[in-house]
Amino acid sequence: MNLEKSIIFSSELYLTEKKEWLDYLNNSCEKYIDQDFIKNNFGVSGHSDNLSGDINFKEFIIFICKTGIDILNTQGYNTDIYSFIVSDLWVQEFSKKGGGHHNSHIHPGNHISGFYFLKCSEKTSFPIFHDPRHVKNSLQLIEKNLNNITLASEKISMRVQPGTFMFFNSYLEHEFSVDHGLEPFRFIHFNLQAISKQLINNDIKRI
């Protein structure tokens, strides 16, 4: 019997490379990482404040906005009725003693999230994404092969390299595996938020 297949309610992960930005962004981030903190403490993550106001990240922010809007537009969203801001932008580096990680989480109130990896290797932490269909997860069957990405996958790990850009919808639950401190692991995390233009205009009228 032939069955016609139609994939519905899928989640997409977008990757590209920007290796030409590595030296500049690593240097721009250096002052925000407390090297003594990540050197002397196990299981921690050196974490900057929001960098969206730093002029050194202007080109980076413009690229995030343009790419994020393009993604939402191709997904079928009416991006014309929204204004977009990079609501969060921060750099993190995991402890040199190991143990750095992130538990599973999402970014409420945002619409596109992502990472730019500055320092990483096959020996460092990596992102893991979870199936956002919680109703499916409550009925999850045993997968045939956990190494394959299929419709049955419950979570998917992604290996990355320095210069990798990763974009995804902010509802996609993600975490970072435990890092063993063997090699440096540093990345920039960002969130893009859509704000209704009508809401903005109404706020202006009320002032």
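Provided above is the structure to which this section pertains.
Here's a quick rundown of the structure. (Residues numbered from 1 in each chain as written. Predicted model: local features only at pLDDT ≥ 70, side-chain atom pairs only at ≥ 80, totals over all residues. Heavy atoms only, no water.)

Here six strands make up an open sheet; going across it, the order is β1-β8-β5-β10-β3-β2 and the pairing antiparallel. Whereas interior strands pair on both sides, the edge strands pair on one side only; in this sheet they are β1 (13-17) and β2 (45-47). Pairwise comparison of adjacent strand axes, ignoring direction, gives a mean angle of 25° for this sheet. Where β2 meets strand β3 (residues 82-94), three bridges bridge the pair, whose relative direction is antiparallel. Paired with G46 across the two strands is E93, which belongs to β3. (Pairing = 2+ DSSP bridges. Helix = DSSP H or I, 4+ residues; strand = E, 2+ residues; numbered from the N terminus. Axes fitted to C-alpha atoms, helices over the stretch in contact; angles between N-to-C directions.)

So, about the packing of aromatic side chains. Enumeration over the complete set of coordinates arrives at 27 aromatic pairs. The positively charged end of K18 is found above the aromatic ring belonging to W21, 4.8 Å away from the centroid. (Phe/Tyr/Trp six-rings, centres within 6.5 Å; stacked < 30°, edge-to-face > 60°. Lys NZ or Arg CZ within 6 Å of the ring centre and 35° of its normal.)

Moving on, we come to unusual backbone geometry. At F9, a position not held by glycine, the phi torsion is positive, near 55°. Following the sequence through the fold, F9 ends up in the segment before β1.

Attention now goes to the nonpolar core. Of all hydrophobic cores here, the largest spans 28 residues; its most connected members are F57, F60, L89, Y116, F165 and I188. Contributions of two or more residues to this core are made by α1 (22-30), α3 (58-74), β3, β5 (112-119), β8 (164-169) and β10 (186-196). With seven residues, the single largest contributor to this core is α3. In this view, L89 contacts D49, N50, L51, S52, F57, F60, I61, I64, I188, H189 and F190; residues no more than four positions away in its chain are not counted. The next biggest cluster of nonpolar side chains, apart from the first, holds 13 residues, and it includes M158, F168, F185 and F187. (Core = buried A, V, L, I, M, F, W, Y, C linked by side-chain atoms within 4.5 Å. Buried < 20%, exposed > 50% of the residue type's maximum accessible area, 1.4 Å probe, protein only. Contact = heavy atoms within 4.5 Å.)

Let us now look at the pairing of β8. The element β8 is extensively covered by neighbouring structure, given that six of its six residues are classed as buried. Here β8 shows two buried faces, one formed by T164, M166 and F168 and the other by F165, F167 and N169. Where β1 meets β8, five bridges bridge the pair, whose relative direction is antiparallel. Paired with Y14 across the strands is F167, a residue of β8. Of the pairings in the sheet, the one linking β5 to β8 comprises five bridges and is antiparallel in character. In the sheet register, I112 faces β8, and the bridge partner there is N169.

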